[in-house]
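Take a look at the letters that make up each chain.
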Amino acid sequence: MLYFSKIKLFTIYLIIILLSFFAFLNFTEDSKNFFLSKKVNLGLDLQGGSYLLLEVDSKPVVQQNLQQKLLKFRKALKENNIKYQNLKLVNQSISFLIKDEDLKRFEQFFLDKDNLINTYYTQYRAYEMDYSIDNNLIKIEYSKFGLIEIKNSTLDQSLEIVRRRIDEVGTKEPTIIRRGSDRILIELPGLNDPNRIKKLLGKTANLSFRLVTEEETTFGSEVLFFENSSDQLNISKRVIVSGDNLINAKPTFDNQSNNAVVSFSFDRVGAKKFGRATTDNIGKRVAIILDNKIISAPVIHEPILGGNGQISGNFTFQSATDLALLLRSGALPAPLEIIEERTVGPDLGEDSIKAGSISLMIGFTLVILYMLYKYRQLGIIADLALIINLIILLGILTILEATLTLPGIAGIILTVGMAVDANVLIFERIKEEMKIQKSNIHAFDIGYKKAQSAILDANITTLISAAILFFLGSGPVKGFAVTLGIGIFTTLFSAYFFARHLCSIYVMSNKDRPINL
Amino acid sequence: MIFKITKQINFPQFYKKLNILSLLLIMLSLFIIIFKGLNFGVDFKGGTLIEARIENSNTSIVEIRKSLLRMNLGDVTVKNFGKQNDYLIKIELVKNDNSNFIKSINDKLSSDLGSAINFRRVENVGPKVSDELLKAGFLAVTLSLAAMLFYIWIRFEWQFSLAAIAALIHDVIITIGIFSFLSYEINLSIVAAVLTIVGYSMNDTVVIFDRIRENLRKYSKVSITEISNISTNETLSRTLITSVTTLLALLSIFIFGGAILKGFSFAMILGVIVGTYSSIFVATPILNYTNVNQKSVLKENSENN
């Protein structure tokens with residue numbers, strides 16, 4: 001156990017030098033080079049920032065899709081000469097009555113793999129929709145896979161819109177990723193006040209232009225409230241133009257009143273529709289509606305044909321900016337709900353780094369002094385191994401560009417406390433062997449051999465804990481698992497290669513002298 | 001050296017008394033956990049946690065609580081946190097439409113107290129997420145116990161595995177019992193601490209077991225009680241030194257690591273003490289009761305080869 005080949009020694013020290021180099025990079029200026037720019041990332045709890053978990057509610061999307069399906073269905077049934085009764089949408093399903101003789105034809109067209117209504121997914125070998133027949137009543141609803149597809153596309157679209165909105169606000173290096181089937185995880189480092197982003201994400205931003213009406217129209221009407229007051233108006237359900245037709249929106253000041261407004265332009269289709277509607281309805285009021293709240297409802301004085309317009313309301317410049325941003329980035333397919341939020345201010349982060357470093361240094365010093373007291377000369381070896389252990393631990397974290405959190409620092413300190421264990425196990429074993437063995441070299445050699453199995457078992461059990469924490473823990477706790485887990489490997493390396501080499505040098509030069517342990 | 005003087009301790013003479021004590025402690029802990037309950041933090045209960053720094057130093061907790069109660073936020077707790085002007089506010093209410101929720105609390109608080117208030121940390125956890133986190137935490141602890149059971153069973157024999165797990169469950173229950181008794185908050189980092197305790201306590205036990213197995217192979221005529229006593233003595237010095245260095249590191253976190261790590265390091269300190277105790281006085285005697293003998297480890301040896 002005490003013999004090292006030259007090539008082994010070379011490899012050991014090369015690894016130590018390389019990892020020390022990476023560890024050192026954390027204390028240098030930023031660099032453009034791919035390798036030189038590596039640094040340990042600070043977690044949100046250390047540098048400050050916001051963590052948000054959003055959940056997408058896809059139910060309204062399912063309802064909306066079914067509504068469209070209903071229209072297509074009516075058409076398809078007619079085309080296939082199937083007589084139906086009582087076609088309606090209840091509880092996320094379409095139902096209708098048909099006669100016995102039509103049943104077969106319905107199934108034929110509904111299960112045709114190329115039909116245009118009920119898509120067949122070859123990858124799942126399943127249809128988009130399921131149907132059930134109960135006494136001539138046919139009930140159609142989305143199948144498991146149909147719902148998965150809807151959830152997926154809703155989440156993808158939402159992700160895209162969320163990304164656009166956050167990019168427009170311009171925070172540094174946001175992380176936006178999907179989590180599971182209906183969640184979006186957002187990390188915004190360095191953001192002190194997430195209020196604005198939360199507000200922006202809380203809005204679906206469904207914009208529509210609709211006429212204010214008194215009489216009942218064929219499309220029906222509904223009563224909506226103004227955004228900033230309890231006033232209400234009767235609004236036609238017919239949408240003249242929606243936010244989909246918007247190509248640009250920006251905050252400006254109105255020339256006459258000098259109030260903040262949002263000016264916008266429609267695409268060609270939107271401009272045409274809006275032009276026609278304003279030509280036909282001079283003197284009436286057109287309401288601008290965002291998420292079912294009326295922003296304003298100006299009177300149409302003249303046809304607006306150019307496709308450009310202004311939205312005025314009680315805006316400050318900030319709120320006009322935000323509305324323009326929302327309109328530019330588009331509407332979310334479904335409402336988002338913030339189900340978890342964790343925000344840490346930058347000053348608390350700084351305090352945590354300070355407290356973490358101080359406790360690391362003190363813990364480190366105490367352990368070093370204790371080992372010196374316990375083992376004297378061999379204590380020096382254990383302490384050197386501890387120092388090397390810390391350096392290469394930092395080096396590996398740097399190469400992985402791992403995220404260091406406050407619990408992560410605790411993990412490092414704990415590693416310091418537990419790292420000496422490997423050497424303690426070995427030294428204690430050597431101590432026992434010294435009583436039996438005749439030569440020091442023998443005692444060291446057998447001590448190392450016999451300690452092996454205990455060291456392995458002891459470290460694997462800790463590694464199991466760290467692995468479970470890593471896979472089941474979230475955020476900062478994950479950071480703890482990472483440092484604790486990597487700490488085990490660096491501990492084994494420093495004890496079994498570095499410290500063992502120092503020990504072999506030590507025992508070779510003290511071959512015949514009694515060693516006091 | 002200190003430990004040389006006390007080298008030969010006759011451990012079995014303490015087993016009976018200490019095992020009764022352990023059993024009593026476990027029952028007491030379970031009793032407290034069941035009837036007093038656990039003080040779950042927002043991670044597991046849902047709600048809002050705010051770490052606030054009040055710039056005006058003359059504010060009292062009573063004033064902050066009064067101001068918060070006026071906002072109708074449900075159950076509110078306020079306590080000092082770390083420095084004198086830092087407070088930890090826990091609000092039971094979970095607002096769905098929360099984009100303005102935090103800001104309005106800050107506005108009202110600062111106007112009521114007549115001082116600028118810095119919300120240094122805000123955690124807002126919805127009921128769905130807190131349910132999931134609680135389940136994941138419970139799963140993690142159960143899973144880690146199962147993984148340890150399995151690992152020891154593979155590496156040793158079922159007798160060792162049984163004894164080690166009994167000691168782990170002992171440690172976990174007593175640590176959580178103490179948290180319940182002191183009404184300390186249980187949050188994500190406490191679960192992390194409990195998992196680390198499981199690893200640490202196992203670590204301690206495994207070293208003693210490793211030596212017992214080695215000695216079992218060596219001596220065929222000696223009783224298991226005698227062998228485990230010898231083994232405990234032989235590894236005692238290591239057990240104590242490692243516990244001391246780990247405790248030194250943990251004490252340093254507890255004292256200097258700031259208020260956020262207090263609960264975590266406290267749980268770990270408890271765990272290391274209880275874990276060290278249980279390796280010697282719970283795991284080892286239970287192993288003795290299982291009547292493990294040379295045959296069982298030799299059989300295992302031939303299987304491995």
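Everything quoted here is computed from the prediction, not taken from an experiment.

What counts and what doesn't
Residues numbered from 1 in each chain as written. Chains lettered and ligands numbered in written order. Predicted model: local features only at pLDDT ≥ 70, side-chain atom pairs only at ≥ 80, totals over all residues. Helix = DSSP H or I, 4+ residues; strand = E, 2+ residues; numbered from the N terminus. Rg over C-alpha atoms; globule rule 2.2 N^0.38 Å. Buried ≥ 20, exposed ≤ 12 C-beta atoms within 10 Å, placed from the backbone. Contact = placed C-beta atoms within 7 Å. pLDDT = per-residue confidence, 0-100. Pairing = 2+ DSSP bridges. Axes fitted to C-alpha atoms, helices over the stretch in contact; angles between N-to-C directions. Left-handed = near helix turned anticlockwise from the far one by under 90°. Core = buried A, V, L, I, M, F, W, Y, C linked by C-beta atoms within 7 Å. Domains from an automatic or database assignment. Nonpolar A, V, L, I, M, F, W, Y, C, P; charged D, E, K, R; others polar. Expected span 1.5 Å × (residues − 1). Arc of directions from axis to C-beta.

A. A look at the overall build of chain A. Within chain A, the regular secondary structure consists of twelve helices and 20 strands. A compact globule built from 517 residues should have a C-alpha radius of gyration of about 24 Å, whereas chain A, at 35 Å, is more than 25% larger. Considering only C-alpha atoms, chain A reaches an extent of 110 × 70 × 40 Å along its principal axes. Across the 517 residues in chain A, those meeting the buried criterion constitute 41%. Sequence separation of at least 24 residues holds for 69% of the intrachain contacts in chain A that already meet a minimum separation of 6.

B. Region of the structure containing the overall build of chain B. Looking only at helices and strands, one finds eleven helices and six strands in chain B. Against the globule reference of 19 Å for 305 residues, chain B gives a C-alpha radius of gyration of 24 Å, more extended than a compact globule. The principal-axis extent of the C-alpha atoms belonging to chain B is close to 80 × 45 × 35 Å. Pairs at least 24 apart in sequence give 76% of the contacts found in chain B among residues at least 6 apart.

C. Spotlight on the confidence of the model for chain B. All names here are of chain B. Looking at chain B, the pLDDT average stands at 87 and 93% of residues meet or exceed 70. Here residues 1-6 is a poorly scored stretch, pLDDT under 50, and it has three contacts once near neighbours within four places are set aside; other chains count. Taken together, the chains of this predicted complex give a pTM of 0.85 and an interface ipTM of 0.88.

D. Structural view of the pairing of strand β17 (residues 293-296) of chain A. Residue and element names in this part refer to chain A. Sheet topology places strand β12 (residues 221-226) next to β17; two bridges connect them, and they run parallel. Across the sheet, residue Phe225 finds its bridge partner in β17, namely Lys293. Looking at chain direction, strand β16 (residues 286-290) and β17 are connected through three bridges and run antiparallel. Looking at β17, one finds that Leu290 is bridged to Lys293. The turn linking β16 back onto β17 is made up of two residues, and Asp291 within it adopts a positive phi angle of 50 degrees.

E. Broad picture of the packing of helix α7 (residues 158-181) of chain B against helix α10 (residues 262-289) of chain B. At a minimum axis separation of 8 Å, α7(B) and α10(B) run at an interaxial angle of 145 degrees. Crossing geometry of α7(B) relative to α10(B) is assigned as right-handed.

F. Representation of the nonpolar core. Counting 205 residues, the largest nonpolar core has A:Leu469, B:Ala164 and B:Val194 as its most contacted members. The element best represented in this core is helix α9 (residues 346-399) of chain A, accounting for 19 residues. Apart from residues lying up to four places away in sequence, A:Leu469 is in contact with A:Val477, A:Phe480, A:Ala481, B:Ala140, B:Ala192 and B:Leu195. By size, the runner-up hydrophobic cluster in this structure holds twelve residues, among which are A:Phe73, A:Phe96, A:Ile140 and A:Ile150.

G. Seen up close, the domain arrangement of chain B. Along its sequence, chain B is carved into domain 1 (2-40 + 129-304) and domain 2 (47-125). Computed from C-alpha coordinates alone, the two centres of domain 1 of chain B and domain 2 of chain B are separated by 40 Å.

H. Here's a closer look at the interface of chain A and chain B. On the chain B side, the residues contacting the 57 residues of chain A number 58 residues. Contributing elements (two or more residues each) for the side of chain A that touches chain B: α6 (195-202), β19 (336-344), α9, α10 (406-436), α11 (440-472) and α12 (475-509) of chain A. Across the side of chain A that touches chain B, the residue classes tally to 30 nonpolar, 14 polar and 13 charged. Sheet analysis places β19(A) next to strand β5 (residues 117-125) of chain B, joined by five bridges and oriented antiparallel. Bridging across to β5(B), A:Arg342 finds its partner in B:Glu123.

I. Representation of the sheet that holds β17(A). Residue and element names in this part refer to chain A. The mixed closed barrel is built from five strands, whose spatial order is β11-β13-β12-β17-β16. In this sheet, neighbouring strand axes are inclined to one another by 55 degrees on average, regardless of whether the strands run parallel or antiparallel. Sheet contacts for helix α7 (residues 268-280): β11 (207-212) and β13 (232-242); angle to β13, the most-contacted strand, approximately 135 degrees.

J. Seen up close, the sheet that holds strand β8 (residues 137-142) of chain A. All names here are of chain A. In spatial order, the strands read β3-β4-β8-β7; together these four strands make up an open sheet with antiparallel pairing. A single partner strand is all that each edge strand has here, and the edge strands are β3 (84-90) and β7 (129-134). Between one strand axis and the next, the sheet turns through 20 degrees on average, direction left out of account. Here β3 runs beside strand β4 (residues 93-98); their pairing, made up of five bridges, is antiparallel. What sits directly across from Lys88, in β4, is Ser95.

K. Geometry of helix α3 (residues 59-79) of chain A. Residue and element names in this part refer to chain A. With 21 residues, α3 should cover 30 Å at 1.5 Å per step; its first-to-last C-alpha distance of 30 Å lies within 8% of that length. Turning to α3, its buried residues are Val62, Phe73 and Leu77. Down the axis of α3, the buried side of the element spans an arc of 40 degrees, and every buried residue falls inside it. Every exposed residue of α3 that faces more than 90 degrees away from the buried side is listed here: Gln67, Gln68, Leu71, Lys72, Lys75, Lys78 and Glu79. Those residues of α3 hidden inside the fold are in contact with β3, β4, β8 and α5 (144-169). Backbone geometry just downstream of α3 places Asn81 in the positive-phi region, at approximately 60 degrees.

L. Structural context of helix α2 (residues 12-36) of chain B. Residue and element names in this part refer to chain B. Its 25 residues place the ends of α2 35 Å apart at the C-alpha level, agreeing with the 36 Å of an ideal helix rising 1.5 Å per residue. The complete set of buried residues in α2 reads Tyr15, Ser22 and Ser29. Where α2 is buried, its residues contact α7 and α10. Backbone geometry just downstream of α2 places Gly37 in the positive-phi region, at approximately 85 degrees.

M. Examining the packing of α7(B) against helix α8 (residues 188-218) of chain B more closely. Residues and elements named next belong to chain B. Running from N to C, α7 and α8 cross one another at 145 degrees; their axes reach a closest spacing of 10 Å. Between α7 and α8 lies a crossing whose hand is right-handed. Residues Phe160, Ala164, Ala167, Leu168, Asp171, Val172, Thr175 and Phe179 of α7 pack against Ile190, Val194, Ile197, Val198, Ser201, Met202, Thr205 and Phe209 of α8. In the contact of α7 with α8, the residues fall into twelve nonpolar, three polar and one charged.

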